[in-house]
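Examination of the molecular architecture
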Amino acid sequence: MKKLGRKNISIIIITIIALTAPYFIVSQTYLLHLLVLVFIFATLAQSWNLLAGYVGQPSLGHALFFGMGGYTLGLLTLYIEYFKNNPWPALILGGFVGALLGLAIGAMCFRLRGPYFALATLAATEVVRLIVMNSEFTLGARGIVIRLPPSISTPFFVIDFSEKLPYYYISFITMIASFYVVNILSKSRYGLLLQSIREDEDAAMTLGVNAFKLKILAMFISSFIAGVAGALYAVYVGYIDPSMDPGGVLTLFTSIEPVLISIIGGVGTIIGPLIGSIIRVVVGEYLRVSFGWRAGMDLIVFGALFMLIFFLSRKGIWGIVKTRIKFI
Amino acid sequence: MTISLGLIINTIIHGIMLGVIYATIAMGMSLIFGVMGIKNLAHGDFAVLGMFTSYWLFSLFNVSPIISIPIAFTLFFCVGMILTRCIFKYIVGEMLGSIILTFGLSIFMENVMLLIWGGDYRNIPVEYGVYRLGTVSVGGGYLVAFVSTLVLIVLTQLFLSKTKVGIAIKAVSQDPEAAESLGISADMIRLVGGGLGVALAGCGGATLSLIYYIYPYLGILLTLHALIICVFAGLGNVAGTFFAGIIIGIAQSVATIQIPYALTPVVGFVVFLLILLFRPQGLFTRR
């Protein structure tokens, strides 16, 4: 009981710091920009972590859900009048589109054992990317420029979306919500059932666990979160394209991000994706600034770091910290 | 574009030739999966390394690409053994671990290649002429690549089915514990199998460099092709990859007649997803 209390207090303190922090650094837009990216990628990584860490099904195509979430928002703001002035409901719709794709892939692969799920997500992402790239409806390789959401006036203040601050709060709330959902799920009865599937699917099914249904449930939640993160990313960055270069939302580079982040931070832990995301964004940005003329440098460092950490501890940095320091 | 019989025959022949090269790469992947239970997602990157080996041997020392195929084989056999000793050994039979670790290796290799050699599209400027037979015309590069790949595949099959080591590799693929109880050192066999698997990838890459452009990020596409062929044939089924490769090659080539060239990889992926959807029982040929 005492431990739980301390944990809750620390969570409240962190939340207060996070909510008030922008007022001290509001002039440093670059720092705010990095924090927004940290939150968005932490959300994406958490959705990956739910599948890989708690169900034991690593997806290599989370860019599919992320990118399609972004493209849903992009296309809605492009073609439908209502969303041009108010893109925010499209965040949820992006999540649903991601979730539908997730359900389709899950229904195909979850009846099979083995690495088929990882391979199917990898293949499906490339299929969708090539279709988006060559379709006129999605403006092909030109990508979609998402117009700035008009500012919202409230009686007390005006939310101006040309600034970073609103995005900071939106992405922070999204991240907290996703972490909360995954935390609740992992502690609930369903979470325990999911972990029993990860440990031994045969034994779990012998005891009456409907493995297929549970995996589909986890898939739905995971791809929904990834879709919302993608839509948020699209509206924040303001431009999405399907090209093969780093930065294209449907590429392997985007699929890599949640894997790197979760493995470095700690797969199968709640706080891991946030730790990983901070390291990934901050160190990645530093490397990109220092070695800007050679694009792949940050991925080389992270590829190596990733393998090293995976060898040291299967639970990432948080796992290492937790085994060294007992009182956490 | 009118579709004539000659065009169709031509595309099918080119499809077979391309498919056989994909099959070589896939065979290596299948072998590694069979011996160690590792789905090597960095496999295509070794093929790209093989392509670069061939390219640099040609442009620095003027070595003919045909000669660099056996050189690539020897080189990548050693690389594969080192890799097995240092990395693969620790993740034998671990599904999540092997996917994640080889994925990390793939990111690392692709970007190191990009860093060292840059992102240009290169090709080996060798001309072998064009051969004609009736309506069919085949580039010499294709012909050389096809023949050398066939020789490689036949030799690999003979090695796997006739020699003691080859049979031991099959035994370890089927049941490592039973094989060990019969006096086969599974570790040794894994070393050879891993070496051979990576060597096939590098060698396939060296042959592919005769007919394809060379680019650091090509690895993921080759990995995907190899995966599709492996799943089509059944994971770990080395012999079946040959025919699966040919079928995928033909399907992709014939598709180019009707759909835009940029969309051709989609055909392979759609085939892959359809197999998962409709013939999952066919995927478990080994179990």
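Residues numbered from 1 in each chain as written. Chains lettered and ligands numbered in written order. Predicted model: local features only at pLDDT ≥ 70, side-chain atom pairs only at ≥ 80, totals over all residues.

1. Notes on the overall build of chain A
- Counting its secondary structure elements, chain A contains 14 helices and 4 strands.
- Taken against the 2.2 N^0.38 rule, which gives 20 Å for 328 residues, the C-alpha radius of gyration of chain A at 20 Å falls within 12% of a compact globule.
- Across its three principal directions, the C-alpha atoms of chain A cover 55 × 45 × 45 Å.
- Expressed as a percentage of its 328 residues, the buried residues of chain A come to 48%.
- Counting only contacts in chain A whose residues sit at least 6 apart along the sequence, the fraction spanning at least 24 positions is 74%. (Helix = DSSP H or I, 4+ residues; strand = E, 2+ residues; numbered from the N terminus. Rg over C-alpha atoms; globule rule 2.2 N^0.38 Å. Buried ≥ 20, exposed ≤ 12 C-beta atoms within 10 Å, placed from the backbone. Contact = placed C-beta atoms within 7 Å.)

2. Details of the overall build of chain B
- Each helix and strand in chain B was counted, giving 12 helices and 2 strands.
- In sequence order, the secondary structure elements of chain B are arranged as α-α-α-α-β-β-α-α-α-α-α-α-α-α.
- Over its C-alpha trace chain B gives a radius of gyration of 19 Å, about what one expects of a compact globule, namely 19 Å for 287 residues.
- In terms of its C-alpha atoms, chain B occupies a principal-axis envelope of roughly 60 × 50 × 35 Å.
- The buried share of chain B, reckoned over its 287 residues, is 52%.

3. Description of the pairing of strand 2 (residues 136-139) of chain B
All names here are of chain B.
- In terms of strand pairing, strand 1 (residues 130-133) meets strand 2 through 4 bridges, oriented antiparallel. Residue pairing for strand 2: R132 is matched across the bridge by S137.
- Between strand 1 and strand 2, which pair antiparallel one after the other, the connecting turn spans 2 residues, and G134 there sits at a positive phi close to 65 degrees. (Pairing = 2+ DSSP bridges.)

4. As for helix 12 (residues 272-290) of chain A
Residue and element names in this part refer to chain A.
- With 19 residues, helix 12 should reach 27 Å at 1.5 Å per residue; the first-to-last C-alpha distance of 27 Å fits that figure.
- Of all the positions in helix 12, only G272, P273, L274, I275, G276, S277, R280, V281 and G284 are classed as buried.
- Those residues of helix 12 that are buried are in contact with helix 2 (29-55), helix 11 (252-265), helix 13 (297-312) and helix 14 (316-324). (Expected span 1.5 Å × (residues − 1).)

5. With respect to the interface of chain B and chain A
- Tallying the contact residues gives 32 residues for chain B and 39 residues for chain A.
- Those elements giving two or more residues to the side of chain B that touches chain A turn out to be helix 4 (95-117), helix 9 (218-233) and helix 11 (264-278) of chain B.
- Ranked by residues supplied to the side of chain B that touches chain A, first place goes to helix 4 of chain B with 14 residues.
- Tallied by class, residues from the side of chain B that touches chain A come to 29 nonpolar, 2 polar and 1 charged. (Nonpolar A, V, L, I, M, F, W, Y, C, P; charged D, E, K, R; others polar.)

6. A closer look at the packing of helix 3 (residues 62-79) of chain A against helix 11 of chain A
Residue and element names in this part refer to chain A.
- One can describe the packing of helix 3 onto helix 11 by two numbers: an axis separation of 7 Å at closest approach and a directional angle of 110 degrees. Comparing their axes, helix 11 and helix 3 come out roughly perpendicular. Between helix 3 and helix 11 lies a crossing whose hand is right-handed. Residues H62, A63, F66 and G67 of helix 3 form the contact with helix 11, whose participating residues are L252, T254, S255 and P258.
- Here the contact of helix 3 with helix 11 is built from residues that sort into 4 nonpolar, 4 polar and no charged. (Axes fitted to C-alpha atoms, helices over the stretch in contact; angles between N-to-C directions. Parallel < 35°, antiparallel > 145°, perpendicular 65-115°, else oblique. Left-handed = near helix turned anticlockwise from the far one by under 90°.)

7. Looking at the nonpolar core
- Core analysis: the biggest nonpolar cluster contains 185 residues, and L232 of chain A together with F76, I228 and I229 of chain B have the highest contact counts within it.
- It is helix 2 of chain A that contributes the most residues to this core, 16 residues altogether.
- In this structure, I228 of chain B is in contact with I248, G268, F269, V271 and F272 of chain B, ignoring residues within four places of it in sequence. (Core = buried A, V, L, I, M, F, W, Y, C linked by C-beta atoms within 7 Å.)

8. A word on the confidence of the model for chain B
- Across chain B, the average pLDDT comes to 83, with 95% of residues at or above 70.
- Reported confidences for the modelled complex are a pTM of 0.83 and an ipTM of 0.76. (pLDDT = per-residue confidence, 0-100.)

9. Some thoughts on helix 11 of chain B
- In this model helix 11 of chain B runs 22 Å from its N-terminal to its C-terminal C-alpha over 15 residues, within 8% of the 21 Å that 1.5 Å per residue would give.
- If you check which residues of helix 11 of chain B are buried, you get P265, V266, G268, F269, V271, F272 and L276 of chain B.

10. So, unusual backbone geometry
- The backbone of N62 of chain B shows a phi angle near 55 degrees, a positive value even though the residue is not glycine.
- For N62 of chain B, the position within the fold is in the loop between helix 2 (43-61) and helix 3 (65-86).

11. Structural notes on the environment of I228 of chain B
- With respect to the helices and strands, the residue I228 of chain B is situated in helix 9.
- Taking the C-alpha atoms as reference points, I228 of chain B and Q252 of chain B, separated by 24 residues in sequence, lie 12 Å from one another.

12. Structural notes on the environment of H14 of chain B
All names here are of chain B.
- Mapped onto the elements of the fold, H14 is located in helix 1 (residues 5-36).
- H14 gets classed as buried once you count the C-beta atoms within 10 Å, which come to 22.
- With 123 residues separating them along the chain, H14 and S137 place their C-alpha atoms 9.7 Å apart.
- Apart from residues lying up to four places away in sequence, H14 is in contact with Y142 and S253.

13. Some details on the environment of V266 of chain B
- The residue V266 of chain B is located in helix 11 in this model.
- Classification of V266 of chain B by C-beta neighbours within 10 Å gives buried; the count is 21.
- In sequence terms V266 of chain B and F146 of chain B are 120 residues apart; their C-alpha atoms lie 24 Å from each other.
- Not counting residues up to four positions away in its chain, the partners in contact with V266 of chain B are V127, L130 and I131 of chain A.

14. Regarding the packing of helix 5 (residues 140-162) of chain B against helix 6 (residues 164-174) of chain B
All names here are of chain B.
- Viewed as axis vectors pointing N to C, helix 5 and helix 6 meet at an angle of 75 degrees, and their least axial separation amounts to 5 Å. Viewed along their axes, helix 5 and helix 6 adopt a mutual orientation that is roughly perpendicular. Each of F159, L160, S161 and K162 in helix 5 lies in contact with helix 6, whose residues at this interface are G166, I169 and K170.

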